[in-house]
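Geometric and topological summary
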Amino acid sequence: MQATAAAVTRAEFRDAMARLGAAVHIVTTDGPAGRAGFTASAVCSVSDEPPTLLVCLNRSASVYPTFQANGVLCVNVLAPDHQALSTLFGGKTPMDERFAAAQWHRLETGAPRLHDAVVSFDCRVQRHSAMGTHDVLFCEVVALSMGEAAQGLIYFDRRYHALGPAL
Ligand SMILES: NC(=O)c1ccc[n+]([C@@H]2O[C@H](COP(=O)([O-])OP(=O)(O)OC[C@H]3O[C@@H](n4cnc5c(N)ncnc54)[C@H](O)[C@@H]3O)[C@@H](O)[C@H]2O)c1
Ligand SMILES: Cc1cc2c(cc1C)N(C[C@H](O)[C@H](O)[C@H](O)COP(=O)(O)O)c1[nH]c(=O)[nH]c(=O)c1N2
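Residues numbered from 1 in each chain as written. Chains lettered and ligands numbered in written order. Predicted model: local features only at pLDDT ≥ 70, side-chain atom pairs only at ≥ 80, totals over all residues. Heavy atoms only, no water.

Broken down by element type, the protein chain carries four helices and twelve strands. Overall, the protein chain is about 50 × 45 × 35 Å in size when its C-alpha atoms are taken along their principal axes. Looking at the protein chain as a whole, 37% of its 167 residues are labelled buried. Put simply, 64% of the contacts in the protein chain that link residues at least 6 apart link residues at least 24 apart. The distance from the centre of the 13 positive side-chain charges to the centre of the 15 negative ones in the protein chain is 8 Å. (Helix = DSSP H or I, 4+ residues; strand = E, 2+ residues; numbered from the N terminus. Buried < 20%, exposed > 50% of the residue type's maximum accessible area, 1.4 Å probe, protein only. Contact = heavy atoms within 4.5 Å. Lys, Arg positive; Asp, Glu negative; His and termini not counted. Charge placed at Lys NZ, Arg CZ, Asp CG, Glu CD.)

Time to look at the site of ligand 2. Residues in close proximity to ligand 2 total 19 residues, the closest being Thr 39, Cys 56, Asn 58, Ser 62 and Lys 92. Residue Ala 42 places a main-chain N or O atom 2.9 Å away from an oxygen atom belonging to ligand 2. Between Gly 90 and ligand 2, the recorded distance is 3.5 Å, taken from a backbone N or O atom to an oxygen atom. Notes on ligand 2: free accessible area 630 Å², of which the protein chains cover 83%. Mapped by element, the contributors of at least two residues to the shell around ligand 2 are strand 3 (36-40) and strand 5 (51-58). Of the residues belonging to the shell around ligand 2, the class tally is ten nonpolar, seven polar and two charged. (Near = heavy atom within 4 Å. Polar contact = N/O pair within 3.5 Å; in protein donor to acceptor, adjacent residues only side chain to side chain. Areas by Shrake-Rupley, 256 points an atom, 1.4 Å probe, with all protein chains shown as cover. Nonpolar A, V, L, I, M, F, W, Y, C, P; charged D, E, K, R; others polar.)

The subject of this paragraph is the sheet that holds strand 11 (residues 152-156). The three strands are arranged 1-11-12 in an open sheet whose pairing can be described as antiparallel. Looking along the sheet, the strands with just one partner apiece sit at the ends: strand 1 (22-23) and strand 12 (159-163). As judged from the five bridges shared by strand 11 and strand 12, these two strands associate in the antiparallel manner. Residue pairing across strands places Gly 152 opposite Leu 163, the latter belonging to strand 12. (Pairing = 2+ DSSP bridges.)

Here we come to the pattern of salt bridges. Counted by the stated rule, this structure contains five salt bridges. We note a salt bridge from Arg 35 to Asp 96, for which the minimum N-O separation is 3.7 Å. On the criterion of sequence distance, the pair formed by Arg 35 in the loop between strand 2 (25-29) and strand 3 and Asp 96 in helix 4 (residues 95-100) is long-range, its members being 61 residues apart. Judged by relative accessible area, Asp 96 falls into the exposed class, the value being 60%. Asp 157 is paired through a salt bridge with Arg 159; the nearest N and O atoms lie 3.1 Å apart. (Salt bridge = Lys/Arg side-chain N within 4 Å of Asp/Glu carboxyl O.)

What follows is the structure, encoded as structure tokens:
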């Protein structure tokens, strides 16, 4: 099936995007506006000088005002064991219940770092830009924490898949 740009519906776009596999993250914040976190697949490297990544956040998400006000966040890259945690942070669960399901620490900014994340990027949001339903947050990485295992959790075809070295 082929569709031209003008004729691409939301449903067609989502069906197509479901075939673009992506790593899964829990993005957190803490500060004057309180603590919040959500599951995100729309995360990408932008520049290594200054070290910068981007996160796309839906402006209709309940967490949006908290991220907007705090201006800091931590991108926690998930491992295969974190499937249930990803589901918890990707639904409508109250914030305290989300955070009660795992252990958290802090790096520089105070945004929660997941203790067994594959890697965590602690960031200050330098800029944000609205596009359609989402804000693109440009985040400068001010501290890093590398986990022990280099294994990944991928979201592809609306399901989770474990990623690790071939045996
Ligand atoms: N970028 C996002 O905001 C994003 C990404 C993945 C999932 N989700 C949300 O998670 C839930 C389950 O998603 P699913 O993948 O099982 O099925 P789905 O059919 O809702 O989404 C399929 C794919 O489309 C993209 N997508 C979904 N919603 C989007 C949005 N609002 N803006 C931009 N891209 C979007 C993602 O790549 C997603 O994996 C949905 O509520 C969805 O909105 C949002
Ligand atoms: C696998 C997967 C991937 C994503 C999401 C979900 C799931 C299951 N969600 C949706 C987001 O996590 C969800 O809306 C949050 O729970 C926010 O909910 P509240 O509105 O704050 O309760 C999501 N939302 C967003 O704004 N950007 C993203 O990149 C993603 N990616």
